[in-house]
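What the coordinates show
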Amino acid sequence: MKSNNEAPHSLLLGLSSAVALLAYTAIFMVAETEAAIVAIIVFGCIAIFLLKRFGKLAQINLAFRTHQRIMHYAVMSGVLILAAIFYDSHYTLFLIATVILYLVACLGMNIQLGYAGVINFSVASFFGIGGYTAAVLTMQTGLPHLLIILAGGLVAAAVGSLLLLPVLRTSGHYAALVTIAFALLFKTFLEVNDSLGGPQGLQVAGMHLFGFEFNNNIVIGDVDISFYLPYVILSLILAIAAFTITKRLERSWIGLNMDAIRLDETAAACFGLSIPRWKIKAFTFGNFIIGIAGAVYGMMVGYIAPSNFTFGDSLILMSIVLLGGLGNPWGLVVATSIVIILPEKLQVIQEYRFLLYAIVVTLMLLYRPEGLVPRQLRCYIPGWRA
Amino acid sequence: MNATSEKFLVVEDVSKYFGGLAALKKLDLEINSGEILGLIGPNGSGKTTFFNVLTGIFKPTGGSIHFNGRDVTGLPPQSIYRAGIARTFQRSRMCLPLSIFDNIMIGNHIRLNHGIWYNLFRRKSFARDFVAQHREASELLEIFNPELAEHIFEAAGDFPMIDRRRMEICRALISRPRLLLLDEPSAGMTHDEMHQLMNDILKVRAGNPDLTIIIIEHEMNVIESITDHCVVLNFGEKICEGTYQEIASDRHVQEAYLGGSDIEDEPPGEPRDDEKEGEQWQTV
């Protein structure tokens, strides 16, 4: 009952927090000097601390839970407004699209690690498989590009099935080692394979949809719109789709099965759950989503090389998932933004980012293992009351 | 039809060795449909091992198990569950971060639709199924503790041990098994809590008299009040069988529990730790 009375109030707070976040991000993107950027970050930390102190953070959280649809639209429009503000800035739009595509990859990884507990240290490799599939198919064939994106996902899922046997037969640390080995092998394979461009990599043709070339600037009257804008929109559509599917998966018997095998394999087996079956589904489906993100990323950057998809990149993706909170898509949104944008804007830490992430992840695991935005209990039907 | 198919559960000559260690030695056991069988014995006498062999977590080293006229020897746990055998665990294996409802639905696996298309895109039909399942799970919980039904969407880990046991029994019962295996349901409970729980179990059985139960229990009050029939194990062997009154007066049983002071030729062996059994889960 209490939450019902608070609900309209929390919606207002939720919406104003979305607006504040939009303004904050815009100012952050505009800031040029290091001093200004550091000041903005410090301000952000203080603001979050104060919000938490006065219990507003919990109310914002409530807004996301009780007014899901409205809040989702608010966040989507926020991203679009942000893109509109920076319509002519290649760099900012590229950054936004990158964040969104990494988010999609992390959503795929979240199904694997966050739900089914299948550890995957070769996420960047599957991302790369999507990219390389796009490179080969766009340059060698005339397939429609929407199909090529889909193919990126399918090829990643298919290559992932090579790993299934070792991943299913090992568990814990050993499964992790198998995927680490795959990540290293993948990079070496690309480097020695001349038909895939060797260490120099491959060119990827830009996205071409319904007679519309993505990689040309759009000129309307006097206004010159960056060619990255369509990529932002396309990635946003992908992210919404991946987000919706992740959420629905969690709110279904499938999500329950994945949680059950992650938490207790023996008990799950005694109630009829096939452990390999659900691990295979999670792993393959996750890789499919990761591959799709990789294909679009490849088309956007136009040129991909083995050094884009190293074990180190997998670690960054892993740190996003751990930082955001296992199993919580919203946590991933927050964590991806921080992990991708921060080193780009703050060049001083660019070189130390691995060190920094290592420290952050270690601290998180020690003091807040549930992540920045912890996962909530499952709610099958939003808004349903017994 | 031979004699074995008439009984509901027939265990013949079942042995389980861990290396040279005999956890079960040529165990024979029979139960009729609707009976409650008490399985008792000192720590490490093979009771939990028997449950693990019966539910397919361990493959038996020898012998055969027939359930409801069907050979289920060595089948994986998934098939045993499908055949209609559900269990609880000695140290309750609930998924504590999940809600009570989630935990109960894990036990309902066989009756849920796990299709990807159905779960992701047919949300209206999913919602109808969800509401029906919620009603059923609540009704079951209400038998044990109406408060649990009210808090069904809260984390299982937030509740005390007795409530977790109740949830665990509900998780085993929701799929309407034919045979329920209870592994020390009263462990870690006070006397009053234990009595409550036993009354609840009897209430459940009054609702479906066909339900057969095997219960492992150290509390002799429990065994006396609810079982029709008892089997006593010691060092993996059946040493006695009969009604509670019969086994309570049996000399071998008294020796097994109190130590045989008047028999010199059977030195008391090292008591095996039941804990060890838990470490040796076969990969499933």
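Here the structure is shown first, and the text comes after it.
Calculation notes
- Residues numbered from 1 in each chain as written.
- Chains lettered and ligands numbered in written order.
- Predicted model: local features only at pLDDT ≥ 70, side-chain atom pairs only at ≥ 80, totals over all residues.
- Heavy atoms only, no water.
- Core = buried A, V, L, I, M, F, W, Y, C linked by side-chain atoms within 4.5 Å.
- Buried < 20%, exposed > 50% of the residue type's maximum accessible area, 1.4 Å probe, protein only.
- Helix = DSSP H or I, 4+ residues; strand = E, 2+ residues; numbered from the N terminus.
- Contact = heavy atoms within 4.5 Å.
- Pairing = 2+ DSSP bridges.
- Axes fitted to C-alpha atoms, helices over the stretch in contact; angles between N-to-C directions.
- Parallel < 35°, antiparallel > 145°, perpendicular 65-115°, else oblique.
- Salt bridge = Lys/Arg side-chain N within 4 Å of Asp/Glu carboxyl O.
- Phe/Tyr/Trp six-rings, centres within 6.5 Å; stacked < 30°, edge-to-face > 60°.
- Lys NZ or Arg CZ within 6 Å of the ring centre and 35° of its normal.
- Buried area = accessible area lost by both parts, 1.4 Å probe.
- Polar contact = N/O pair within 3.5 Å; in protein donor to acceptor, adjacent residues only side chain to side chain.
- Nonpolar A, V, L, I, M, F, W, Y, C, P; charged D, E, K, R; others polar.

1. Let's talk about the nonpolar core
Among the nonpolar cores identified, the biggest contains 202 residues, and Phe50 and Ile214 of chain B are the most heavily contacted of them. Ranked by residues supplied to this core, first place goes to helix α5 (residues 90–115) of chain A with 17 residues. In this structure, Ile214 of chain B is in contact with Leu9, Ile31, Leu37, Leu39, Phe50, Phe51, Leu54, Leu179, Leu180, Leu181 and Leu182 of chain B, ignoring residues within four places of it in sequence. Core analysis: the second largest hydrophobic core is formed by eight residues, Ile40, Cys240, Tyr244 and Val253 of chain B among them.

2. Structural notes on the pairing of strand β2 (residues 21–31) of chain B
The side chains of a regular strand alternate, first on one face of the sheet and then on the other. Residue and element names in this part refer to chain B. Relative to β2, strand β1 (residues 9–18) runs antiparallel, the two being bridged by seven bridges. Bridge pairing links Val14 to Leu27 in β2. Count of turn residues in the β1/β2 antiparallel hairpin: two residues, of which Gly19 carries a positive phi of about 65°.

3. Some remarks on the packing of α5 of chain A against helix α10 (residues 253–263) of chain A
All names here are of chain A. With their axes 8 Å apart at the nearest point, α5 and α10 run at an angle of 50° to one another. Put simply, α5 runs oblique to α10. Across the interface between the two elements, Ile111, Leu113, Gly114 and Tyr115 from α5 touch Met258, Asp259 and Arg262 from α10.

4. Details of the environment of Leu372 of chain A
Residue and element names in this part refer to chain A. Tracing the backbone shows Leu372 in the segment after α16 (353–367). Among the residues examined, Leu372 registers a relative accessible area of 33% and is labelled partly exposed. Separated by 48 residues in the primary sequence, Leu372 and Gly324 place their C-alpha atoms 5.1 Å from one another. Once residues lying within four places of it in the same chain are set aside, the contact partners of Leu372 are Leu323, Gly324, Gly325, Val334, Ile338 and Met364.

5. A closer look at the sheet that holds strand β6 (residues 85–87) of chain B
Residues and elements named next belong to chain B. The strand order across the open sheet built from six strands is β6-β7-β8-β3-β9-β10, with neighbouring strands paired in mixed fashion. Since the sheet does not close on itself, it has two edges, and those belong to β6 and β10 (237–242), each with one partner. Between one strand and the next, the sheet's axes are offset by a mean angle of 20°, whatever the strand orientation. Across four bridges, strand β3 (residues 36–40) lies against strand β8 (residues 212–216) in parallel orientation. The residue of β8 that forms the bridge with Ile36 is Ile213.

6. Notes on the pattern of salt bridges
Working definition: two side chains of opposite charge can pair if their charged atoms are close together. Tallied over the entire structure, the rule returns 19 salt bridges over all chains. For Asp102 of chain B, the salt bridge goes to Arg378 of chain A, with nearest N and O atoms at 3.0 Å. Separated into two different chains, Asp102 of chain B in helix α3 (residues 100–107) and Arg378 of chain A in the segment after α16 make up a pair that spans both. The salt bridge involving Glu136 of chain B is made with Arg111 of chain B; its shortest N-O contact spans 3.0 Å. One end of the pair, Glu136 of chain B, is in helix α5 (residues 123–144); the other, Arg111 of chain B, is in the loop between α3 and α4 (116–121), and 25 residues separate them in sequence. A residue is classified by how much of its surface remains accessible, and Glu136 of chain B, at 22% relative accessible area, is partly exposed. Here the salt bridges do not stand alone but share partners, grouping Lys247, Glu250, Asp259, Arg262, Arg375 and Arg378 of chain A together with Asp102 of chain B into one network.

7. What about the packing of aromatic side chains?
Within this structure, the stated rule accounts for 27 aromatic pairs over all chains. Put simply, the rings of Trp253 and Tyr380 of chain A together with Phe101, Tyr118, Phe126, Phe130 and Phe153 of chain B touch in pairs and so form one group of aromatic residues. For Lys281 of chain A, the ring lying beneath its charged end belongs to Trp278 of chain A, and the centroid distance is 4.6 Å. When the ring centre of Phe89 of chain B is taken as reference, the NZ or CZ atom of Arg93 of chain B above it lies at 5.5 Å.

8. Some points on the interface of chain B and chain A
Contacts between chain B and chain A engage 42 residues on the former and 32 residues on the latter. Taking both partners together, chain B and chain A bury about 3,400 Å²; carbon and sulfur atoms supply 73% of that area. Summed over the shared surface of chain B and chain A, the number is 13 residue pairs in polar contact (both at pLDDT 80 or more). If you list the elements that add at least two residues to the side of chain B that touches chain A, you get α2 (77–83), β6, α3, α4, α5 and α7 (161–173) of chain B. The dominant element in the side of chain B that touches chain A, judged by the number of residues it contributes, is α5 of chain B, at eight residues. Here the side of chain B that touches chain A is built from residues that sort into 24 nonpolar, 10 polar and eight charged.

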